[in-house]
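Coordinate analysis (summary)
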Amino acid sequence: MKKNLKNKLKNMTSYRKKSVLAYSIVILAFIIITIFDTLGFVTNSLYGQLVPICVYISLAVSLNLVVGISGELSLGHAGFMSIGAFAGVIASTVLQESVVVAMPRLFIAILVGGIIAGIAGVLIGIPVLRLRGDYLAIVTLAFGEIIRNVLNCIYIGMDEAGLRIATSAEKLGLDPINGKMILNGPMGATGIQKLATFTSGFILVLFTLFIVQNLINSKQGRAIMATRDNRIAAESIGLNVTNFKLTAFVTSAALAGMAGALFALNYSTVAPVKFNFNTSILILVFVVLGGMGNIVGSIISAAILTILPEALREFSDYRMLIYAIVLILVMLATNNLTFRAFIDKYIGKITRFLRPKKRNPDFPQKEEV
Amino acid sequence: MTFLTYLTSGLGLGSVYAIIALGYTMVYGIAKMLNFAHGDVIMVGAYIAFYSTSSFGLPAWLSVIVAMAFCTLLGIIIERLAYKPLRGATSLAVLITAIGVSYFLQNAALLAWGSAPKVFTSLFAKIESFKFFDGQLVISPETIFTVLACIIIMLVLTFFTAKTKMGKSMRAVSEDNGAAQLMGINVNSTISMTFAIGSALAAVAGVLLCSSYPTLMPTTGAMPGIKAFTAAVFGGIGSIPGAMIGGLVLGIIEIFARAYVSTELSDAIVFGVLIIVLLVKPTGLLGKKIHEKV
Amino acid sequence: MNRKGRHSSKEEINRNLKDFKGHSLIPERDIEDPPILEITNLGIDFGGLTAVNDFNMALGRTEIAGLIGPNGAGKTTIFNLLTKVYQPTRGTFLLDGKDTKGMNTIKINRAGIARTFQNIRLFDKLTVEENVKVGLHHEINYSLLSGMFRTPAYRDGEKDAHEHALDLLSIFDMTHLADAPAGSLPYGAQRRLEIIRALATNPKVLLLDEPAAGMNPSETAELMETIQDIRDRFQIAILLIEHDMNLVMGICEAIAVLNYGQIIAKGTPSEIQSNSLVIEAYLGKQKEV
């Protein structure tokens, strides 16, 4: 039996091994935190961070699909997050009476957030993915800003007559007694009913991993990576390059929307300014630091970089400065040949020493398979 | 008459964009990289000018020169430390590094100068506004001098790239980096020179921008930087007249959008224009088409 | 089944066949079938400069043909025209009797032309097996959602793809390299992998751009055998560009010589070897003493 399992693991491709490792880490972390929580070891400030950590892990993993796997720089990930966030809040508020139980309502809200963000992903992706390289990056940035600008001008309310949408609070003409403001322009969504829990965050992370890793392991995923590695060769073997880039882009947008919905439903108010360019960059830092294309890396760096600023509060002024330096150094370290040779020489020795002599250095624990 | 007032302030803003866009376009043309941090060099330039007048009591014209000198140095240092080691790396890696540099500058400024906005004293505070049509059309000295500065810079740069030895080697490097090297052109120093010129222009742009819009913060440069890049792309990246046209058009669109549509949506409209231009003409108005060799 | 041309008119085929029979370029065994590739008056200009002009050629269904000529003669440009990397300025070509006008690179591959590149273009970060599987993309039958949710269709599809990929890799004895990243392979192996990847798309015509470049004589000899094996096993036509005259003369049944974008000679290897125009193109005109 044991030997059978061993053989099975041996026959897995490296991608499969990495995905098993990713699931194992997330499940293990969830179990440990839950145990610590019941024992009362989890501080209030950490507890408050649990849902955001899950949200940022999902965002980092989904952005990695575009940046690492598909090889296009997207600077507007927070835009999709915000679309999902406000769509989720609207869905949750509308269903407040009809779906009373929190969990299914949260589920529907997240789903709605994902679908709306996915649709936005299609609408934005079709024009954007005709461009390449730097141009593509700058246009995703532009779209991110446009989304935020437009959200700043949207007012949505609900009363007996149903949903109302307008470009100012006065024009909304909401019933002053029964009317409920859902989206209040630059103030954003207020009076949100908090539905998000750590468990729901954990499930979202698992779902994100499931979709992204399965996509990478499928024929579409291979085509996406092939397109990244060599566009001309990919076309020469009959792959419709734009379609595959779009697949990655839309999947990523939908997952970001779901994460956004969970994020918004964790607070009582959320303003559009929360989803600005800085947030997009923050997620990009997670991806770059974890290693582009490396899903496990994204999980770890998103988790650590979300906890760390809280833990090192006295250094909070230097936090963004340090992120900036880290971003530059990581890029230099991974892309400059002399730098890389230097690192291989010294750090390589340590990692080689730490690795077991057996094959498959990134072999996961057997028990967790 | 209000139309004319908007048009002139649009030209003023557009001229600032054009000067910033020139920096983007030159660096992009020669180093083939999007120097995302360019906008933040503007902010640094404005701060240096601000402190040279307010803390050291330097006259306005001298503060501009100090700012230019500082930014030139800054530009060369950034290029040496962050971008030069990445020559030959993928454009994705270079762009992410540039974003890192941009973030570094913003946050270093935040630590050095604080987050509270400074009120920038205009360079032309002592000059009175120009009145036309019995005072119906008032043009501020800032607008006039910004437009003038833009025209002068554009003419000097055109002359510089066309006639001087350094300018010619810049064009050679932008055309074919490897061939230029074989012809004995020092590619590294040419690229450094480009960064130096671009950064000096950024300092001028910073001072002019803050003369018209006096709030100075660590994030002051970010938005104008992105918009000026938009302008450079609009005009066709790598083209000096393209940057000028792009900057002016974008400035006018922005002011009109603010005046006639909505202040909140003006940025969205500017970016919307960028997207449309790129989709219709992916290399901008005056840009060249690039072929990949198979 | 569909061996008879479907779209080109009978007269056209007859005219072409007569022409080709007259030159005895299409091998005997293919002469009954319409040619797989019929190129007529193909030409392209790059901003006033004529890179290829008046290129005419027909390729039998299982023929191995060579395209030779000095550097810069336009050989790779012809490959780029045949794979629609460039759209021709003049002329067109029929693939299996169908006009290819308006097709793009993707469609032309789906219609049956696959190629390798002079400067190798592999998917460096993918493994050898994955490179082949990407070539098999359209053979594998499962949807995006079934991949995302790992349905049985996904498992079956992947299993078949794995077996098919290994089978293709065995052509060049590369199965033991299946898990290596393609970018880490030695030069010769990368060239072979490119051929396998092209074959994976199930082509009717295989275009090889300098397949023996950088190989030593014994590797080249092996390659010659394998190219013939591929033709026999898959029953496809192969057109190759090569500077190694041993390879070209050894396996090509017909050769076209290109100089300055024009065909200067067409014929069997022995005809080409004794053609004075060809010798002149390669060695220059003999000076009169």
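Everything numeric in this text was worked out from a predicted model, so none of it was measured.

1. Notes on the overall build of chain C
If you tally the helices and strands in chain C, you get 11 helices and 10 strands. Considering only residue pairs separated by 6 or more positions, chain C has 69% of its internal contacts joining residues 24 or more positions apart.

2. Notes on the nonpolar core
A:Leu262, A:Leu327 and B:Ala46 are the most contacted members of the largest nonpolar core, which has 302 residues in total. Residues lining this core come from more than one domain, with at least three contributed by each of domain 1 (1–112 + 203–282) and domain 2 (122–202) of chain C. Excluding residues within four positions of it along the chain, B:Ala46 makes contact with B:Phe120, B:Gly206, B:Val207, B:Leu209, B:Cys210, B:Leu216 and B:Thr220.

3. Digging into the domain arrangement of chain C
All names here are of chain C. Split by domain assignment, chain C resolves into domain 1 (1–112 + 203–282) and domain 2 (122–202). Contacts between domain 1 and domain 2 engage 12 residues on the former and 11 residues on the latter. Contributions of two or more residues to the side of domain 1 that touches domain 2 are made by helix H3 (105–111), strand E7 (205–209) and helix H8 (217–234). Broken down by element, the side of domain 1 that touches domain 2 gets its largest block of residues, 4 residues, from H8. Class assignment of the residues belonging to the side of domain 1 that touches domain 2 gives a composition of 7 nonpolar, 3 polar and 2 charged.

4. Notes on the interface of chain A and chain C
Taken together, the 21 residues of chain A in the interface contact 29 residues of chain C. Counting residues per element, the side of chain A that touches chain C draws most heavily on helix H9 (residues 219–229) of chain A, at 7 residues. Class assignment of the residues belonging to the side of chain A that touches chain C gives a composition of 9 nonpolar, 8 polar and 4 charged.

5. Comments concerning helix H6 (residues 165–175) of chain B
All names here are of chain B. Those residues of H6 that sit buried are Ser169, Met170, Val173 and Ser174. Buried residues of H6 fall within an arc of 140° about the axis and therefore sit on the same side. Residues of H6 that are exposed and point over 90 degrees away from its buried face: Lys165 and Glu175. Residues of H6 that are buried in the fold lie against helix H1 (2–31), helix H5 (141–163), helix H7 (177–182) and helix H8 (187–212).

6. Some words on unusual backbone geometry
Residues and elements named next belong to chain C. Backbone geometry places Asp173, a non-glycine residue, at a positive phi of 55°. Counting through the fold element by element, Asp173 comes out in the loop between helix H6 (152–169) and helix H7 (187–200). A positive phi angle, close to 50°, is found at Tyr260, a residue other than glycine. By the C-beta count within 10 Å, which is 15 here, Tyr260 ends up partly exposed.

7. Notes on the interface of chain B and chain A
Contact residues are listed per partner, giving 36 residues for chain B and 35 residues for chain A. Among the elements of the structure, helix H4 (91–113), helix H9 (222–235) and helix H11 (266–280) of chain B are those that each provide at least two residues to the side of chain B that touches chain A. Among the elements that line the side of chain B that touches chain A, the one with the most residues is H4(B), at 14 residues. Among the residues making up the side of chain B that touches chain A, the classes are represented as 27 nonpolar, 6 polar and 3 charged.

8. Considerations on the environment of A:Phe80
All names here are of chain A. For Phe80, the position within the fold is in helix H4 (residues 77–94). On the basis of neighbour counts, which here come to 38 C-beta atoms within 10 Å, the residue Phe80 falls in the buried class. Each C-alpha atom of the pair Phe80 and Phe286 lies 17 Å from the other, and the pair is 206 residues apart in sequence. If near-sequence neighbours (up to four positions away) are discounted, Phe80 is found in contact with Ala117, Ala120, Gly121, Ala253, Ala256, Gly257 and Gly260.

9. So, the sheet that holds strand E3 (residues 180–184) of chain A
All names here are of chain A. Across the sheet, 3 strands lie side by side as E2-E1-E3; this open sheet has antiparallel pairing. Of all the strands in the sheet, the pair left with one neighbour each is strand E2 (162–166) and E3. For this sheet the average axis-to-axis angle between neighbouring strands, irrespective of direction, equals 20°. Pairing analysis gives 5 bridges linking strand E1 (residues 155–159) to E2, with the strands arranged antiparallel. In the sheet register, Asp159 faces E2, and the bridge partner there is Gly162. Docked against the sheet, H4 engages E1, E2 and E3, running at close to 175° with respect to E3.

10. Section: H9(A)
Note: α-helices contain 3.6 residues per turn, so residues at a spacing of three or four share the same orientation. Buried residues dominate H9(A), accounting for 11 of its 11 residues. Along H9(A), the residues that are buried comprise A:Lys219, A:Gln220, A:Gly221, A:Arg222, A:Ala223, A:Ile224, A:Met225, A:Ala226, A:Thr227, A:Arg228 and A:Asp229. Where H9(A) is buried, its residues contact helix H3 (44–69), helix H8 (198–217), helix H10 (231–236) and helix H11 (241–264) of chain A together with helix H4 (128–135) and helix H5 (144–148) of chain C.

11. Topic: the sheet that holds strand E4 (residues 90–95) of chain C
Residue and element names in this part refer to chain C. Reading across the sheet, the 4 strands line up as E2-E1-E4-E5 and stay open at both edges, with antiparallel pairing between neighbours. If you trace the sheet from one side to the other, it starts and ends with strand E2 (49–59) and strand E5 (98–99), each paired once. Across 2 bridges, the pairing between E4 and E5 is antiparallel. Each bridged residue has a counterpart across the sheet, and for Leu95 the counterpart in E5 is Lys98.

12. Considering the pairing of strand E8 (residues 237–241) of chain C
Residues and elements named next belong to chain C. Of all the 5 residues making up E8, 5 are buried; the element is thus mostly covered by neighbouring parts of the structure. Across the two faces of E8 the burial is the same, with Ala237, Leu239 and Ile241 and Ile238 and Leu240 all buried. Two elements, strand E3 (residues 64–68) and E8, share 4 bridges in a ladder whose sense is parallel. Within E8, the residue paired with Ala65 across the bridge is Leu239. By the bridge criterion, 5 bridges tie E7 to E8 in an arrangement that is parallel. Bridge pairing links Leu207 to Leu239 in E8. Regarding the hand of the β-α-β motif, the stretch spanning E7, H8 and E8 is right-handed.

13. Structural notes on the packing of helix H2 (residues 38–54) of chain B against helix H3 (residues 60–83) of chain B
Residue and element names in this part refer to chain B. Where H2 contacts H3, the axes come no closer than 8 Å and their chain directions differ by 140°. In terms of axis orientation, H2 runs oblique to H3. H3 is crossed by H2, and the crossing has right-handed handedness. Residues Val41, Val44, Gly45, Ile48, Ala49, Ser52 and Thr53 of H2 form the contact with H3, whose participating residues are Ala60, Ser63, Val64, Val66, Ala67, Phe70, Cys71, Leu74 and Gly75. Residues belonging to the contact of H2 with H3 are distributed by class as follows: 11 nonpolar, 5 polar and no charged.

14. Section: the confidence of the model for chain A
Parts of the prediction with low pLDDT should not have their coordinates interpreted in detail. All names here are of chain A. Scored by pLDDT, chain A has a mean of 85; 88% of the residues are at 70 or more. Here helix H1 (residues 2–11) stands out as the element of chain A with the lowest mean pLDDT, 61, in contrast to H11, whose mean of 96 is the highest. A low-confidence stretch, residues 355–369 stays under pLDDT 50, and its non-local contacts, those more than four residues away or across chains, total 19 contacts.

15. Considering the environment of B:Leu58
Residue and element names in this part refer to chain B. Of note, Leu58 is situated in the loop between H2 and H3. Through-space distance from the C-alpha of Leu58 to that of Cys71 is 17 Å; in sequence the pair is 13 residues apart. Leaving out residues up to four positions away in the same chain, Leu58 has contacts with Ser52, Thr53, Ser63 and Val66.

Cut-offs used in this document
- Residues numbered from 1 in each chain as written.
- Chains lettered and ligands numbered in written order.
- Predicted model: local features only at pLDDT ≥ 70, side-chain atom pairs only at ≥ 80, totals over all residues.
- Helix = DSSP H or I, 4+ residues; strand = E, 2+ residues; numbered from the N terminus.
- Contact = placed C-beta atoms within 7 Å.
- Core = buried A, V, L, I, M, F, W, Y, C linked by C-beta atoms within 7 Å.
- Buried ≥ 20, exposed ≤ 12 C-beta atoms within 10 Å, placed from the backbone.
- Domains from an automatic or database assignment.
- Nonpolar A, V, L, I, M, F, W, Y, C, P; charged D, E, K, R; others polar.
- Arc of directions from axis to C-beta.
- Pairing = 2+ DSSP bridges.
- Axes fitted to C-alpha atoms, helices over the stretch in contact; angles between N-to-C directions.
- Right-handed = clockwise from strand over helix to strand, strands pointing away.
- Parallel < 35°, antiparallel > 145°, perpendicular 65-115°, else oblique.
- Left-handed = near helix turned anticlockwise from the far one by under 90°.
- pLDDT = per-residue confidence, 0-100.

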